[in-house]
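Spelled out from the first residue to the last, the chains are:
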Amino acid sequence: MGRAAEMLGVTPAFLRSLGAAKLIEPQRSDGGHRRYSRYQLRLAARARELVDQGTALEAACRIIILEDQLAEALRINTELQQSNERRSENAGRRSA
């Protein structure tokens, strides 16, 4: 946890507060140390940005969750559009 906090320029207490807010839930090593994924570190960095801009921690966590959900929805939408385009192209070839 100390190394992750140092990398992000935050305190370990800040990282614990993100865990308490359920934004990130790090894995634990056999010795009980918190292990953060790169994805979790990106979320923590985004939380720090928002908090540094004056956003309350709980609000920052909610914003990040919504941003993440939007990115996933956009990804799925793009995949569906590409799939529909391929189907339309295939249907056009069959009818020609």
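Owing to the predicted nature of the structure, the values given are computational and were not obtained by experimental measurement. (Residues numbered from 1 in each chain as written. Predicted model: local features only at pLDDT ≥ 70, side-chain atom pairs only at ≥ 80, totals over all residues. Heavy atoms only, no water.)

Trainee: Kindly report on the overall build of the chain, identifying the contributing residues and their values.
Mentor: From N to C terminus, the chain includes 4 helices and 2 strands. In the chain, the succession of helices and strands from N to C terminus is α-α-β-β-α-α. Over its C-alpha trace the chain gives a radius of gyration of 20 Å, far above what one expects of a compact globule, namely 12 Å for 96 residues. By principal-axis analysis of the C-alpha atoms, the chain measures approximately 65 × 35 × 20 Å. For the chain, with 96 residues in total, the buried portion stands at 24%. The long-range fraction of contacts in the chain, counting pairs at least 24 apart against all pairs at least 6 apart in sequence, stands at 43%. Total accessible area on the chain stands at roughly 7,000 Å², and carbon and sulfur atoms take up 50% of it. Between the averaged position of the 16 positive side-chain charges in the chain and that of its 12 negative side-chain charges there is a distance of 4 Å. (Helix = DSSP H or I, 4+ residues; strand = E, 2+ residues; numbered from the N terminus. Rg over C-alpha atoms; globule rule 2.2 N^0.38 Å. Buried < 20%, exposed > 50% of the residue type's maximum accessible area, 1.4 Å probe, protein only. Contact = heavy atoms within 4.5 Å. Areas by Shrake-Rupley, 256 points an atom, 1.4 Å probe, with all protein chains shown as cover. Lys, Arg positive; Asp, Glu negative; His and termini not counted. Charge placed at Lys NZ, Arg CZ, Asp CG, Glu CD.)

Trainee: So, the nonpolar core: which residues are in play, and what are the values?
Mentor: Core analysis: the largest hydrophobic core is formed by 20 residues, its most contacted members being Leu15, Leu18, Leu23, Ile24 and Tyr36. Looking at this core, the elements with two or more residues in it are helix 1 (2–8), helix 2 (12–20), helix 3 (38–52) and helix 4 (57–95). Not counting the four nearest positions on each side in its chain, leucine 15 is found in contact with Met1, Ala4, Ala5, Leu8, Val10, Ile24, Tyr36 and Ala44. (Core = buried A, V, L, I, M, F, W, Y, C linked by side-chain atoms within 4.5 Å.)

Trainee: Residues and numbers for helix 3, please.
Mentor: Between its first and last C-alpha, helix 3 extends 21 Å over 15 residues, near the 21 Å set by a 1.5 Å rise per residue. If you check which residues of helix 3 are buried, you get Gln40, Leu41, Leu43, Ala44, Ala47 and Leu50. A positive phi of about 100 degrees marks glycine 54, the residue just after helix 3. (Expected span 1.5 Å × (residues − 1).)

Trainee: Residue-level account of the side chain of glutamine 40, with values.
Mentor: Within the fold, glutamine 40 resides in helix 3. On the basis of relative accessibility, which here comes to 12%, the residue glutamine 40 falls in the buried class. A polar side-chain atom of glutamine 40 sits 2.9 Å from the main-chain amide nitrogen of serine 37. Aside from chain neighbours lying at most four places away, what touches glutamine 40 is Ile24, Glu25, Pro26 and Arg35. (Polar contact = N/O pair within 3.5 Å; in protein donor to acceptor, adjacent residues only side chain to side chain.)

Trainee: Before we move on, could you go through the packing of helix 2 against helix 3 and cite the residues and values that matter?
Mentor: Taken N-terminus to C-terminus, the directions of helix 2 and helix 3 make an angle of 105 degrees; their axes are 11 Å apart at the nearest point. When the axis of helix 2 is compared with that of helix 3, the two are roughly perpendicular. Contact residues: Phe14, Leu15 and Leu18 in helix 2; Ala44, Ala47, Arg48 and Val51 in helix 3. When the residues that make up the contact of helix 2 with helix 3 are grouped by side-chain class, the tally is 6 nonpolar, no polar and 1 charged. (Axes fitted to C-alpha atoms, helices over the stretch in contact; angles between N-to-C directions. Parallel < 35°, antiparallel > 145°, perpendicular 65-115°, else oblique. Nonpolar A, V, L, I, M, F, W, Y, C, P; charged D, E, K, R; others polar.)

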